[in-house]
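The primary structure of each chain is shown beneath.
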Amino acid sequence: MKTVLVTGSGGQLGKCIADLVVKNGNIHYIFANQARLDITDLDKVNDFFNKNNINWCVNCAAYTHVDLAESEKQKAFKINEKGVENLATVCKASNTKLIHISTDFVFDGSKKFLYLEKDKTNPISVYGQSKLKGEEKLQEILDKYFIIRTSWLYSEHQNNFLKTMLRLSETKKEISVVDDQIGTPTYAGDLARVIIDIIEKDSNSYGIYHYCNDGQTSWYGFAKEIFSLSSISIKINPIPSSDYKTAAKRPYYSVLDTNKIKKVLGLEIPNWELSLKAALKKLHE
């Protein structure tokens, strides 16, 4: 029987994987949140792998507070760089395949068309820098890895843009949303399916991949679609980033090219509006 460890299982992607896992005789999933497995502690990671004989590790553990990372740099790097280095080290020693989740924030957003896996990275925030360092450490140590960069992740679980917008609509008649940052909202449930598929096929097509839903929009466009599909009447004002000050800089354009993952893994990727519809249905259920 194949054993799969999902780290950071308390986050939205970990929860989406847990929702989709079908109990079968061939694969045993272990879901470990931070309390069960702290990836920044090498000895604990080592012990955990030795006790459980892990064949695949899906690393969903990450420091994701983009603005807070600017003042908590040490903490961000501890989890996003050192934690990943620990997992890679133990995966190498135990011959475990690693699927690591990364981000569009490894790019600076100066490009005007789709970002390819081979494009030059240049993160403009501490969060982005820490995630890139994790990628680099992993590649130095391991051969058997999948790095999947994704963008604007949301789901029916945990805190995210979708749930924030719905919450705001309960108390406000009017909101302002940034309209000059362009990216792709990605439903964590779709990404979870891809991860499970890689494991079930026991794929060895290792490397860096980009995965997001098809299409692109701004945060304003995303909010507009959320309210439209939810039949919520609220006034949304499109504003420039300069009117919404944040501690961390964000890429103005970070749409990922997904042709590689479609071709290599034989995927069809749904459009972001279609996936948003599915996520809202699950949320209302």
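For the structure, see preceding data.
Residues numbered from 1 in each chain as written. Predicted model: local features only at pLDDT ≥ 70, side-chain atom pairs only at ≥ 80, totals over all residues. Heavy atoms only, no water.

## Some points on the side chain of Asp190
Line of reasoning, step 1. As for its position among the elements, Asp190 is in helix α6 (residues 188-200).
Line of reasoning, step 2. Excluding its chain neighbours within four sequence positions, the residues that come into contact with Asp190 are Tyr211, Asn213, Pro270 and Ser275. (Helix = DSSP H or I, 4+ residues; strand = E, 2+ residues; numbered from the N terminus. Contact = heavy atoms within 4.5 Å.)

## Details of the pattern of salt bridges
Line of reasoning, step 1. Scanning the model with the defined rule gives 15 salt bridges in all.
Line of reasoning, step 2. Between Asp202 and Lys97 there is a salt bridge; the shortest N-O distance is 3.4 Å. Of this pair, Asp202 sits in the loop between α6 and β10 (207-210) while Lys97 sits in strand β4 (residues 97-103), and the two are 105 residues apart along the sequence.
Line of reasoning, step 3. When the shortest N-O distance is used, the salt bridge between Asp197 and Lys201 registers 3.0 Å.
Line of reasoning, step 4. Relative accessible area serves as the criterion here: at 23%, Asp197 is assigned to the partly exposed category. (Salt bridge = Lys/Arg side-chain N within 4 Å of Asp/Glu carboxyl O. Buried < 20%, exposed > 50% of the residue type's maximum accessible area, 1.4 Å probe, protein only.)

## Some words on unusual backbone geometry
Line of reasoning, step 1. Non-glycine residue Trp152 carries a positive phi angle of around 45°.
Line of reasoning, step 2. The phi dihedral of Gln158 falls on the positive side, at around 55°, and the residue is not glycine.
Line of reasoning, step 3. Residue position: Gln158 is located in the loop between β6 (153-154) and α5 (161-169).
Line of reasoning, step 4. A residue is classified by how much of its surface remains accessible, and Gln158, at 39% relative accessible area, is partly exposed.

## Considerations on the nonpolar core
Most often, soluble globular proteins keep nonpolar side chains buried together rather than apart.
Line of reasoning, step 1. In this structure, Leu13, Ile17, Val58, Ile99, Ile195 and Ile199 are the most contacted members of the largest nonpolar core, which totals 28 residues.
Line of reasoning, step 2. Where this core is concerned, the elements lending two or more residues are β1 (2-7), α1 (12-20), β2 (27-32), β3 (56-59), β4, β5 (145-150), α6 and α8 (259-265).
Line of reasoning, step 3. Tallying contributions element by element places α6 first for this core, with eight residues.
Line of reasoning, step 4. Setting aside chain neighbours within four positions, we find Ile199 in contact with Lys2, Val4, Ile27, Tyr29, Trp56, Val58 and Ile99.
Line of reasoning, step 5. Core analysis: the next-biggest nonpolar cluster, separate from the first, contains 23 residues, Val45, Leu138, Ile141 and Leu142 among them. (Core = buried A, V, L, I, M, F, W, Y, C linked by side-chain atoms within 4.5 Å.)

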